[in-house]
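Notes for the structure review
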Amino acid sequence: MAMNTPHTLRASDLLFPTPVSIEDRDGSYRLHSTTTIAASPPFEETADTAAALLGCKRGGEDILFKHIEGLDDEEYRLSISTVQVVITASTTRGAFHGLSAVRKLALINDNILPACRVCDKPAFVWRGFMLDCVRHFFSVDFIKKLIDAASLFGLNRFHWHLTDDQGWRIPIDGWPKIEEIASRRSELQYNDGRTYGRLYTKEEICEVQAYAHKRQMIVIPEVETPGHVSALLAAYPEFGCTGGPYEVQDRWGIFNEVLCAGNDAMLAFFEDAIAQVATLFSDPYIHIGGDECPQSAWEACPKCQARMKAEGLTGEHQLQSWLTSQICAMVHKNGKRPIGWDEVLDGTEEMGLPDDLIVQSWQGIQGGLEASRRGHQVIMSPNTVGCYLDYRHRDSAEEMGNLGVSTLRQVASFTATPPQMDEQAKSMVLGAQGNLWSERVLSARQAEYLLFPRLQLLAQQLWNPREADENLNRIELLTKYCEKLDIHCYRGAVE
Ligand code: ACM
Ligand code: ZN
């Protein structure tokens with residue numbers, strides 16, 4: 001007879017993010033290597049993934065993926081009894097989330113799945129994380145580890161920051177100096193000529209995408225324009241206003257050397273580069289950057305001034321939006337949708353921007369409010385309320401981290417649709433992202449420490465937003481998940 005002693009862990013104690021609806025039942029199902037998995041179409045591939053991730057075999061119906069019509073895109077139902085596990089969904093995304101729930105229970109409870117019934121679906125469609133692989137380079141193995149963990153907790157967007165002042169990491173055929181020069185920087189802290197960095201190979205980029213897609217995660221490459229381009233300018237100085245020379249930077253910050261908006265050769269490069277990126281990356285989005293672009297070089301550049309005159313632009317802000325529109329047109333030409341940091345809104349009130357440009361609000365929530373007012377869809381990643389995961393966990397000199405503080409409580413109470421938004425604005429919010437910039441993140445272990453458990457808390461707030469205290473009461477559970485996943489998470493004070 002199944003007994004529910006006080007020591008028996010219930011599924012509702014173990015699942016995170018907390019499902020929208022969960023009913024604990026008596027007994028459990030024990031997962032083992034002879035457990036079999038079956039699927040009705042179109043879930044055969046999900047069942048293959050499940051067999052691999054759970055260490056089971058295809059064959060019988062111990063675990064059954066069942067297709068029904070009528071559930072939402074990512075919605076799933078999970079029923080665990082003492083004799084069978086049934087996952088029901090309308091889409092492969094829903095089926096995958098059901099699999100993740102089973103996997104979490106197995107992982108955290110030594111393969112014993114407490115009986116339960118779950119009905120679950122996410123609150124927001126865009127549930128993402130960004131990893132800066134320029135300031136420091138992260139291996140494909142580590143990126144896969146992060147994608148796996150993030151997807152387990154219901155995240156579905158990997159924003160891959162691949163170009164910046166300190167390096168360029170995407171191979172572009174026909175432009176050999178991208179690899180020779182832009183992909184590496186000198187390490188000026190050493191006096192022995194060392195360099196740092198490299199490109200990801202096309203094979204590695206495809207490997208990351210295939211791995212992510214198995215986990216229903218979309219990959220968004222970011223190609224920075226028109227600022228944060230020192231690495232590109234070092235390789236092709238003719239794309240800058242002065243012609244250089246420029247250096248791949250080994251310092252952090254904002255640099256005045258930016259793309260020369262008056263230079264047609266620069267535009268020709270991006271025509272080609274964006275087309276190649278659009279081919280190499282199969283998902284529908286390309287992030288075009290747009291943040292932190294000083295305009296002093298444009299003020300002093302005859303070519304930029306000539307462009308402004310020719311296009312009837314009245315100031316450098318308008319020149320930036322003209323350039324943003326050019327780059328967006330290249331993205332569109334390749335069948336993709338552009339995303340930009342919130343500065344893409346600056347100076348564009350009169351000129352407008354392509355309607356389908358998604359704005360990522362990072363300087364607080366203001367960009368999100370403004371973008372939604374102007375009819376753009378929005379991704380929230382405000383650095384003021386917990387979405388910057390390179391910030392310290394707490395305001396202490398003993399903590400690693402850069403620039404600011406994002407406390408566990410801030411993330412645990414994060415809302416992608418803050419009360420300052422009216423209903424119209426809220427309707428434009430796709431979701432949110434946690435961003436890990438890596439100026440001061442030298443290694444994968446350090447990245448883990450900064451990401452976890454904050455990324456798990458953010459996942460909860462995007463899946464099924466709860467009160468901060470309810471989330472913070474589950475930190476021990478999150479830490480235990482990290483242990484099982486070999487993730488070295490922050491275990492300090494909860495502030
Ligand atoms: C940013 O943090 N500069 C987008
Ligand atoms: Zn110029």
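Here the structure is shown first, and the text comes after it.
To keep things clear, this report deals only with the structure shown in the data block.

The rules we used
- Residues numbered from 1 in each chain as written.
- Chains lettered and ligands numbered in written order.
- Predicted model: local features only at pLDDT ≥ 70, side-chain atom pairs only at ≥ 80, totals over all residues.
- Heavy atoms only, no water.
- Axes fitted to C-alpha atoms, helices over the stretch in contact; angles between N-to-C directions.
- Helix = DSSP H or I, 4+ residues; strand = E, 2+ residues; numbered from the N terminus.
- Parallel < 35°, antiparallel > 145°, perpendicular 65-115°, else oblique.
- Left-handed = near helix turned anticlockwise from the far one by under 90°.
- Contact = heavy atoms within 4.5 Å.
- Donors = N, O, S within 2.8 Å, 3.2 Å for Na, K, Ca; no water.
- Tetrahedral: all angles 85-135°; square planar, octahedral: opposite > 155°, others 65-115°.
- Pairing = 2+ DSSP bridges.
- Phe/Tyr/Trp six-rings, centres within 6.5 Å; stacked < 30°, edge-to-face > 60°.
- Buried < 20%, exposed > 50% of the residue type's maximum accessible area, 1.4 Å probe, protein only.
- Lys NZ or Arg CZ within 6 Å of the ring centre and 35° of its normal.
- Lys, Arg positive; Asp, Glu negative; His and termini not counted.
- Salt bridge = Lys/Arg side-chain N within 4 Å of Asp/Glu carboxyl O.

Below, the discussion takes up the packing of helix 2 (residues 44-54) against helix 3 (residues 92-108). In the contact formed by helix 2 and helix 3, the axes pass within 10 Å of each other and the chain directions differ by 15°. With respect to helix 3, the axis of helix 2 lies roughly parallel. Two packed elements cross with a definite hand, and for helix 2 against helix 3 that hand is right-handed. The residues of helix 3 that touch helix 2, namely those facing Thr 46, Thr 49, Ala 50, Leu 53 and Leu 54, are Thr 92, Ala 95, Phe 96, Leu 99, Val 102 and Arg 103.

Another aspect to go through is the coordination of the zinc ion (ligand 2). Coordination of the zinc ion (ligand 2) by the protein involves Cys 241 (SG), Cys 260 (SG), Cys 301 (SG) and Cys 304 (SG), with metal-donor separations of 2.3 to 2.4 Å. Each of the 4 donor atoms around the zinc ion (ligand 2) contributes to a set of angles spanning 107 to 113°, which defines the coordination as tetrahedral. Mapping the donors of the zinc ion (ligand 2) onto the primary sequence yields the spacing C-x18-C-x40-C-x2-C. With Cys 241 in the loop between helix 7 (230-235) and helix 8 (264-280) and Cys 301 in the loop between helix 9 (296-299) and helix 10 (302-311), the pair connects residues that are 60 residues apart, well separated along the chain.

The subject of this paragraph is the sheet that holds strand 7 (residues 112-120). The strand order 1-7-5-6-4-2-3 describes an open sheet built from 7 strands, whose pairing is mixed. A single partner strand is all that each edge strand has here, and the edge strands are strand 1 (21-30) and strand 3 (57-58). For strand 5 (residues 76-80) and strand 6 (residues 85-89), the ladder comprises 5 bridges, and the chain directions are antiparallel. Bridge assignment links Tyr 76 to a residue of strand 6, and that residue is Ala 89.

Now for the packing of aromatic side chains. Inspection of the entire model under this criterion finds 21 aromatic pairs. With a centroid separation of 5.1 Å and 85° between ring planes, the pair formed by Phe 269 and Phe 270 is classed as edge-to-face. The residues Phe 269 and Phe 270 share a single accessibility class, namely buried. Counting every residue linked through ring pairs, the aromatic cluster contains Phe 129, Phe 137, Phe 158, Trp 160, Tyr 200 and Phe 281. The ring centre of Trp 126 lies 4.6 Å from the NZ or CZ of Arg 157, which sits over that ring. In this structure, Arg 215 packs its charged tip against the face of Tyr 211, placed 3.6 Å from the ring centre.

Time to look at the side chain of Asp 120. Structurally, the position occupied by Asp 120 is in strand 7. Within the buried core, Asp 120 has no salt-bridge partner, and the shortest N-O distance to an opposite charge, that of Lys 104, equals 6.8 Å. Every residue in contact with Asp 120, bar those within four places of it in the chain, is listed here: Pro 19, Val 20, Glu 74, Glu 75, Tyr 76 and Trp 463.

A word on unusual backbone geometry. Working note: non-glycine residues mostly have negative phi, and peptide bonds are mostly trans. With omega at -5°, the peptide bond leading from Phe 16 into Pro 17 counts as cis. Mapped onto the elements of the fold, Pro 17 is located in the loop between helix 1 (11-14) and strand 1. Residue Pro 42 is reached from Pro 41 by a cis peptide bond, and omega for that bond is 5°. Mapped onto the elements, Pro 42 comes out in the loop between strand 2 (36-39) and helix 2. The phi torsion at Asn 111 lies on the positive side, around 70°, for a residue other than glycine. Tracing the backbone shows Asn 111 in the loop between helix 3 and strand 7.

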